[in-house]
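Architecture at a glance
Chain by chain, the residues:
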Amino acid sequence: ITEGVLAHLVEHDSSNYQELSKSFGTLGSTMLSLYKGILGGIDWGELYDSIVPLGWILRCSFLLFICFNFIAMLNIVSAVFIKM
């Protein structure tokens with residue numbers, strides 16, 4: 001996602017994409033934003049809205065990441081409670 005964001009910012013005026021640059025401009029900020037999106041620190045819908053200009057492949061990969069991690073966490077939590 002970071003590579004797609006940087007390519008988009010180089011091609012377009014980066015001053016119009018402050019939120020995109022803030023959330024996904026570096027590898028560290030991308031990792032932190034994805035972590036917050038999974039655990040509820042930031043609503044994942046807000047993050048998705050900021051990557052809308054990037055194209056459908058990056059949007060789909062973001063949604064797959066969120067869905068996979070949500071299902072994985074749900075599965076782990078369910079397994080812990082069922083095991084008890």
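Only a predicted model underlies this, so the values are computations on that prediction, with no experimental measurement involved.

Before going further, it helps to examine the overall build of the protein chain. The helix and strand tally for the protein chain stands at 5 helices and 0 strands. Start at the N end of the protein chain and walk to the C end: the helices and strands fall as α-α-α-α-α. Computed over its C-alpha atoms, the radius of gyration of the protein chain comes to 15 Å, more than 25% above the 12 Å expected for a compact globule of 84 residues. Across its three principal directions, the C-alpha atoms of the protein chain cover 55 × 20 × 20 Å. Burial analysis of the protein chain (84 residues in total) assigns 26% to the buried set. Pairs at least 24 residues apart make up 46% of the contacts formed inside the protein chain by residues separated by at least 6 positions. With the model as given, the accessible surface of the protein chain reaches about 5,900 Å², and the carbon-plus-sulfur share is 67%. Averaging the positions of the 4 positive and the 7 negative side-chain charges in the protein chain gives two centres separated by 14 Å.

Looking now at the layout of surface pockets. Of the pockets and cavities examined, the largest pocket occupies roughly 160 Å³. Lining the largest pocket are E19, K22, S23, S29, L32, S33, K36, I42, E46, L47 and S50. Contributions of two or more residues to the lining of the largest pocket are made by helix 2 (18–24), helix 3 (27–39) and helix 4 (44–50). Tallying contributions element by element places helix 3 first for the lining of the largest pocket, with 4 residues. Looking at the lining of the largest pocket residue by residue, the classes come out as 3 nonpolar, 4 polar and 4 charged.

As a further point, take the packing of helix 3 against helix 5 (residues 56–83). In the contact formed by helix 3 and helix 5, the axes pass within 10 Å of each other and the chain directions differ by 50°. By the criterion of interaxial angle, the relationship of helix 3 to helix 5 is oblique. Considering how the two elements wind past one another, helix 3 and helix 5 form a crossing that is right-handed. Counting all contacts with helix 3, which are made through L34, G37, I38 and L39, the residues of helix 5 involved are F62, F65, I66, N69 and M73.

Rules used throughout
Residues numbered from 1 in each chain as written. Predicted model: local features only at pLDDT ≥ 70, side-chain atom pairs only at ≥ 80, totals over all residues. Heavy atoms only, no water. Helix = DSSP H or I, 4+ residues; strand = E, 2+ residues; numbered from the N terminus. Rg over C-alpha atoms; globule rule 2.2 N^0.38 Å. Buried < 20%, exposed > 50% of the residue type's maximum accessible area, 1.4 Å probe, protein only. Contact = heavy atoms within 4.5 Å. Areas by Shrake-Rupley, 256 points an atom, 1.4 Å probe, with all protein chains shown as cover. Lys, Arg positive; Asp, Glu negative; His and termini not counted. Charge placed at Lys NZ, Arg CZ, Asp CG, Glu CD. 1 Å grid on protein atoms, 1.4 Å probe; cavity = no way out; pocket = protein on both sides within 12 Å on 5 of 7 lines; lining within 4 Å. Points joined across faces, edges and corners; volume = space filled by probe spheres on them. Nonpolar A, V, L, I, M, F, W, Y, C, P; charged D, E, K, R; others polar. Axes fitted to C-alpha atoms, helices over the stretch in contact; angles between N-to-C directions. Parallel < 35°, antiparallel > 145°, perpendicular 65-115°, else oblique. Left-handed = near helix turned anticlockwise from the far one by under 90°.

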